[in-house]
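# Structural description and commentary
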Amino acid sequence: MGGRMSIADNLQRVRERIAEAAGRAGRRPEEVTLVAVTKTHPPEVALEAVRAGALDLGENYAQELVAKKEALEAAGVQGVRWHFIGHLQRNKVKYIAPFIHLIHSVDSLRLGQEISKRAQQAGRRIPVLIEVNVSGEETKFGVPPEQVRELAEGLLELEGVELQGLMTMAPIAEDPEQVRPIYRRLRELAEELAASGLPEQSMRHLSMGMTQDFEVAVEEGATIVRVGTAIFGPRRQG
Ligand SMILES: *Cc1c(COP(=O)(O)O)cnc(C)c1O
């Protein structure tokens, strides 16, 4: 592993790149939350990130998230904000409902209803984002842009969920400039919805941008970026 940058170095570099991108767009770096995506990495790696100042961690499988949370707590770590960023099955909601900080990937009212039910059982409201399939790729989860309003209105009726905005995954691209129109479209969609009746608070977050393209996403208005590889190096699978 000689010469490999440490997780702390990588985190700092990602933070600097976020700040530079924010500066180019006339934004403040504090407007952007960095979610460190620890999926597939062992708890010790997540622990190293937390010790280096990562407060927000992202996972895409419920059981893996819960196991990592428990391992970190056993190591004495409290106060991590856990983000669920993957496709969420309804029968897994109960495992994360008591503590999850933000679910990025709500793509149906039925899932929203299950989240609401489990949140109420846990005596809380769970912040959620709607996952939007902006690119129209068939392999991607998420709702098409023209169905976001209806889902948003449905989610706003639910006691146990607090809609906070939109999330998208961009297709893999060689050049990050290729995904700029997708991120721009997500921002415009949130703006259009807020301008035409949805509460502004319900459209305040845009979760977009990964290792390949987070600077472009920040330039286009991301308030949350989800970065794994640039912090932790390549994953073995997935
Ligand atoms: C894995 C994953 C990421 C992070 O991807 P990197 O390219 O490693 O930064 C971000 N968002 C989602 C939804 C993911 O599943």
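Going by the structure above, here's the rest.
Keep in mind the model is a prediction, meaning the values are calculated, not measured.

## Overview of the nonpolar core
Core analysis: the biggest nonpolar cluster contains 70 residues, and Ile103, Ile115, Ile130 and Leu166 have the highest contact counts within it. In this structure, Leu166 is in contact with Leu129, Ile130, Val132, Val148, Leu186, Leu189, Ala190, Met203, His205, Leu206 and Ser207, ignoring residues within four places of it in sequence. The next biggest cluster of nonpolar side chains, apart from the first, holds five residues, and it includes Val35, Leu102, Met167 and Ile224.

## Section: the site of the ligand
All residues in the neighbourhood of the ligand are listed as Val37, Lys39, Asn60, Ile85, Met169, Met210, Thr211, Arg226, Val227, Gly228, Thr229 and Arg235. At 2.6 Å from an oxygen atom of the ligand is found a side-chain nitrogen or oxygen belonging to Lys39. Thr229 places a polar side-chain atom, nitrogen or oxygen, 2.6 Å from an oxygen atom of the ligand. Protein chains bury 92% of the 380 Å² of accessible surface belonging to the ligand in isolation.

## Remarks on the environment of Val50
Tracing the sequence through the fold places Val50 in helix α2 (residues 43–51). Spatially, the C-alpha atoms of Val50 and Ala36 are 9.3 Å apart, while their sequence positions differ by 14 residues. In contact with Val50, not counting residues within four places along its chain, are Leu57, Leu72, Val77 and Val80.

Rules and cut-offs
Residues numbered from 1 in each chain as written. Predicted model: local features only at pLDDT ≥ 70, side-chain atom pairs only at ≥ 80, totals over all residues. Heavy atoms only, no water. Core = buried A, V, L, I, M, F, W, Y, C linked by side-chain atoms within 4.5 Å. Buried < 20%, exposed > 50% of the residue type's maximum accessible area, 1.4 Å probe, protein only. Contact = heavy atoms within 4.5 Å. Near = heavy atom within 4 Å. Polar contact = N/O pair within 3.5 Å; in protein donor to acceptor, adjacent residues only side chain to side chain. Areas by Shrake-Rupley, 256 points an atom, 1.4 Å probe, with all protein chains shown as cover. Helix = DSSP H or I, 4+ residues; strand = E, 2+ residues; numbered from the N terminus.

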